[in-house]
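# Chain and residue survey
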Amino acid sequence: MKARYHLMRCKSALSKSGLPGLDYALNPYRGCEHGCLYCYSPAILRDAELVERWGQDVWLKENVAEVLRAEVRRKRPGVVGVSTVCDPYQPIEKEVELTRRCLEVLRDSGFGVCIQTKSDLVLRDRDLIRGEKFEVGVTVTTLDADVVSKIEPRAPDPDARVQVLKEFKERNVETWLFLGPIIPGVNDSPEQIEEVLREAKSSGSYVMYDKLNVKTGVLERLERVFGAEEVAKIKKILQTPEWWRSVKKEIERKSKVLGLKCESAF
Ligand code: SF4
């Protein structure tokens, strides 16, 4: 099922970011067609309808590149996260190139760029994304195809995401892999974790990881796929500090064995 697309105009392109390592956030899209069950972006956007219909509506900020061009002339240079709320490589990006046009502006500016996506469409822009000015990161929750089809129904598959890291690494772009969110009983087994860490290692990327963040709408979306009973169990385990302590320990132990740089995301 394709999302419904809507056009909108924005007054600003860069907003201040509170995320580690980022000075600014740039989100050319509002809403995300990938529709991951665990996504807490709709809660951040504070839009009840978006929470309910997450994955089904995407707004395109049609003037974002022009607004950005004016802002980079007058704002203090810093690192821009592309994107921090909604994936910058929506399927419609192939046609409308909002993110690409923003990257062109940033490439010619004094700003650094940290791209985060789940889509291999980012490879289209490999001609722009070069050198130390850029970093590229992808999220991989698990390589288990059955789990991926349930929790990330419309995102490109994890192998394609790992390929993104490999290709950018070859072009001397710093790369990282976000392992998460880790959900009890879904993608927290030592085998699942090890598989992802091995892919990070093979792509020369460093690793950040985090557990499920239960913001408004997340549990309800998980319930639609896993059922109320299963989600009640997930919720209970998340409240158990021992669970996360042992998962963290496993990630850090395995990373050490593999010689991987790894850190907790928040
Ligand atoms: S790709 Fe990212 S922004 Fe989009 S639904 Fe998934 S977690 Fe949310």
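As a reminder, the structure under discussion sits directly above these lines.
Notes on the structure follow. Predicted, not measured: the structure shown is a model, and the values here were computed from it.

### Looking at the environment of serine 119
- Turning to its location among the elements, serine 119 is positioned in the loop between β7 (112-117) and β8 (134-140).
- Judged by relative accessible area, which is 5%, serine 119 ranks as buried.
- For serine 119 and tyrosine 89, which are 30 residues apart along the polypeptide, the C-alpha to C-alpha distance reads 6.0 Å.
- If we skip the residues at most four places from it in the chain, serine 119 touches His34, Asp87, Tyr89, Pro156 and Val164.
- Among the polar contacts listed, one links the side chain of serine 119 to the backbone nitrogen of leucine 121, at a separation of 3.0 Å.

### Notes on the site of the ligand
- Neighbouring the ligand are Cys32, His34, Gly35, Cys36, Tyr38, Cys39, Trp54, Val85, Cys86, Asp87 and Lys118.
- Because more than half of its atoms lie within 2 Å of the grid, the ligand is assigned to the largest pocket.
- Here the shell around the ligand is composed, by residue class, of seven nonpolar, two polar and two charged.

### Remarks on the packing of helix α8 (residues 190-202) against helix α11 (residues 241-258)
- In the contact formed by α8 and α11, the axes pass within 10 Å of each other and the chain directions differ by 40°. What the angle tells us is that α8 and α11 run oblique. The element α8 and its partner α11 pack so that their crossing is right-handed. For the pair formed by α8 and α11, the contact residues are Pro190, Ile193, Glu194, Leu197, Arg198 and Lys201 on the first element and Val247, Glu250, Ile251, Lys254, Ser255 and Leu258 on the second.
- Per-class residue counts for the contact of α8 with α11 are six nonpolar, one polar and five charged.

### A short note on the nonpolar core
- One finds Leu26, Leu68, Leu106, Ile115, Ile129 and Leu179 to be the most contacted residues of the largest nonpolar core, which totals 74 residues.
- For leucine 68, the contacting residues outside a window of four places in its chain are Ala13, Leu14, Leu26, Cys102, Val105 and Leu106.
- With seven residues, the next largest nonpolar core counts Leu22, Cys114, Phe178 and Met208 among its residues.

### A look at the sheet that holds strand β1 (residues 4-8)
- One open sheet holds the three strands; their spatial order is β1-β5-β4, and the pairing between them is mixed. For this open sheet the edge positions go to β1 and β4 (29-30), each flanked by a neighbour on one side alone.
- Pairing of β4 with strand β5 (residues 57-61) involves two bridges; the strand directions are antiparallel. Across the sheet, residue tyrosine 29 finds its bridge partner in β5, namely leucine 60.

### Description of the layout of surface pockets
- When its volume is computed, the largest pocket comes out at roughly 1,100 Å³.
- Lining the largest pocket are 47 residues, with Leu19, Ser83, Thr84, Gln116 and Phe266 sitting closest to its centre.
- Within the residue set of the lining of the largest pocket, elements represented by two or more residues are α1 (41-44), β6 (79-82), β7, β8, β9 (174-182) and β10 (206-211).
- When residues of the lining of the largest pocket are assigned to their parent elements, the largest contribution, five residues, is made by β9.
- A volume near 220 Å³ is recorded for the second largest pocket.
- The wall of the second largest pocket is formed by 16 residues, among which Ser15, Asn27, Leu45, Lys61 and Val85 lie closest to the centre.
- Contributing elements (two or more residues each) for the lining of the second largest pocket: β2 (14-16), β3 (24-26) and β4.
- The class makeup of the residues in the lining of the second largest pocket is ten nonpolar, four polar and two charged.

### Details of the side chain of threonine 142
- Assignment of secondary structure puts threonine 142 in the loop between β8 and α6 (145-151).
- On the accessibility criterion, threonine 142 (0% relative accessible area) is buried.
- One polar contact links the side chain of threonine 142 to the main-chain amide nitrogen of aspartate 144, over a distance of 3.0 Å.
- In this structure threonine 142 touches Val147, Val148, Pro158, Asn187, Gln192 and Val196, once residues within four positions along its chain are discounted.

### Quick word on the sheet that holds β9
- Spatial strand order, β2-β3-β6-β7-β8-β9-β10-β11: eight strands in an open sheet with mixed pairing. The open sheet has two free edges, formed respectively by β2 and β11 (262-264), since each of these has just one partner strand. Each strand of the sheet is rotated relative to its neighbour by a mean of 25°, with strand direction disregarded.
- In terms of strand pairing, β2 meets β3 through three bridges, oriented antiparallel. Residue pairing across strands places leucine 14 opposite leucine 26, the latter belonging to β3.
- Strands β8, β9 and β10 of the sheet are contacted by α8, whose axis makes an angle of about 170° with β9.

Basis of the calculations
Residue positions within a chain follow its written sequence, with the count starting from 1. In keeping with the predicted nature of the model, local features appear solely for residues at pLDDT of at least 70, side-chain atom pairs appear and are counted solely at 80 or more, and the whole-chain, interface and lining totals rest on all residues. For the side-chain quantities, the full set of heavy atoms in the structure was used; hydrogens and water were omitted. Going along the chain from the N terminus, every DSSP run of H or I of four or more residues is numbered as a helix, and every run of E of two or more is numbered as a strand. Partly exposed residues are those whose accessible area sits between 20% and 50% of the maximum for their type, while under 20% is buried and over 50% is exposed, using a 1.4 Å probe and protein chains only. In what follows, residue pairs with any heavy atoms lying within 4.5 Å of each other are defined as contacts. Polar contacts, as used here, are pairs of N or O atoms within 3.5 Å; protein pairs need one atom able to donate a hydrogen and one able to accept it. Residues neighboring in sequence count only if both atoms are side-chain atoms. Only heavy atoms are used to decide nearness, and a residue is near a molecule or strand if one of them lies within 4 Å of it. The pocket and cavity definitions rest on a 1 Å grid over protein atoms only: a 1.4 Å probe that fits but cannot leave marks a cavity, an open set with protein on both sides within 12 Å along at least five of seven lines marks a pocket, and residues lining either have an atom within 4 Å of a point. For a cavity or pocket, the test is whether more than half of a molecule's atoms lie within 2 Å of its grid points; if they do, the molecule sits there. Residues are grouped as follows: nonpolar covers Ala, Val, Leu, Ile, Met, Phe, Trp, Tyr, Cys and Pro; charged covers Asp, Glu, Lys and Arg; every other residue, Gly included, is treated as polar. Fitted lines through C-alpha atoms give the axes, limited to the stretch in contact for helices. The angle between two N-to-C directions lies from 0 to 180 degrees. Angle categories are assigned with fixed cut-offs, so that under 35 degrees is roughly parallel, over 145 is roughly antiparallel, 65 to 115 is roughly perpendicular, and the rest are oblique. Throughout, a crossing is termed right-handed when the near helix is turned clockwise from the far one, and left-handed when it is turned anticlockwise from it by less than a right angle. Buried residues of nine kinds, namely Ala, Val, Leu, Ile, Met, Phe, Trp, Tyr and Cys, make up a nonpolar core once their side-chain atoms join them within 4.5 Å. Should DSSP find at least two bridges between two strands, the strands are taken to pair. Grid points are joined across faces, edges and corners, and a volume is the space filled by probe spheres set on the points.

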